[in-house]
Amino acid sequence: MRKSMIGLSLVSLAGLSACGSSGLFDRDRPDEFAVSRQPPLVIPPDFSLTPPQPGQPRPQTGGIQQQTLQAMFGGAQTRSVTEAAIVGQAGDSDAGIRSSVGDPGTYTVDKGSVTRDIIAAPEGDGQNAQAATPE
């Protein structure tokens, strides 16, 4: 009992000594209440800017989305020879194609149950993928 009281008092004394401000754990801390004046911000002159001319187009062409795409991807890229040939062979699309696709009179091709199964298949990484051949 006496040993446990001595041990408890030593632990309490060590814990209370950590709360003191002198000794081994004393650190120099900045005074968070001290206020110092900061010099005012100065914007240096930019001599490359010129005032806009009346009638000239604005330098910010396009909206914020267009500017974001320009910053991320660097603008339109030139098409390769193969891509240009494919797009040239495809021709122009019908202007009203979106309204005629949903029309009940539009002829569609039934691809069968295999295509439906592929589209309805759960997404996965392909680790447990299986293939079956219809007989």
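Participant: Help me understand the pattern of salt bridges in this model?
Facilitator: If the charged atoms of two oppositely charged side chains come close together, the side chains can form a pair. In the structure shown here, the tally under the stated rule is one salt bridge. Note that Arg-79 is salt-bridged to Glu-83, the shortest N-O span being 4.0 Å. Since its relative accessible area comes to 51%, Arg-79 is described here as exposed.

Participant: Whenever I open this one, a nonpolar patch on the surface confuses me. Can you help?
Facilitator: On the surface, Met-1, Met-5 and Leu-8 cluster together to form a nonpolar patch covering roughly 400 Å² of accessible area. Mapped onto the fold, Leu-8 is located in helix 1 (residues 2-17). Here Leu-8 falls in the exposed class, since its relative accessible area comes to 53%.

Participant: Can you help me understand the confidence of the model for the protein in this one?
Facilitator: Detailed reading of the predicted coordinates is not advisable wherever pLDDT is low. Averaged over the protein, the pLDDT score is 77; the fraction of residues at 70 or greater is 88%. Across the protein, helix 3 (residues 81-90) holds the top mean pLDDT of 90, while helix 4 (residues 97-101) sits lowest at 75.

About the thresholds
- Residues numbered from 1 in each chain as written.
- Predicted model: local features only at pLDDT ≥ 70, side-chain atom pairs only at ≥ 80, totals over all residues.
- Heavy atoms only, no water.
- Salt bridge = Lys/Arg side-chain N within 4 Å of Asp/Glu carboxyl O.
- Buried < 20%, exposed > 50% of the residue type's maximum accessible area, 1.4 Å probe, protein only.
- Patch = residues over 30% accessible without salt bridge, like charges linked within 9 Å, V, L, I, M, F, W, Y side chains within 5 Å.
- Areas by Shrake-Rupley, 256 points an atom, 1.4 Å probe, with all protein chains shown as cover.
- Helix = DSSP H or I, 4+ residues; strand = E, 2+ residues; numbered from the N terminus.
- pLDDT = per-residue confidence, 0-100.

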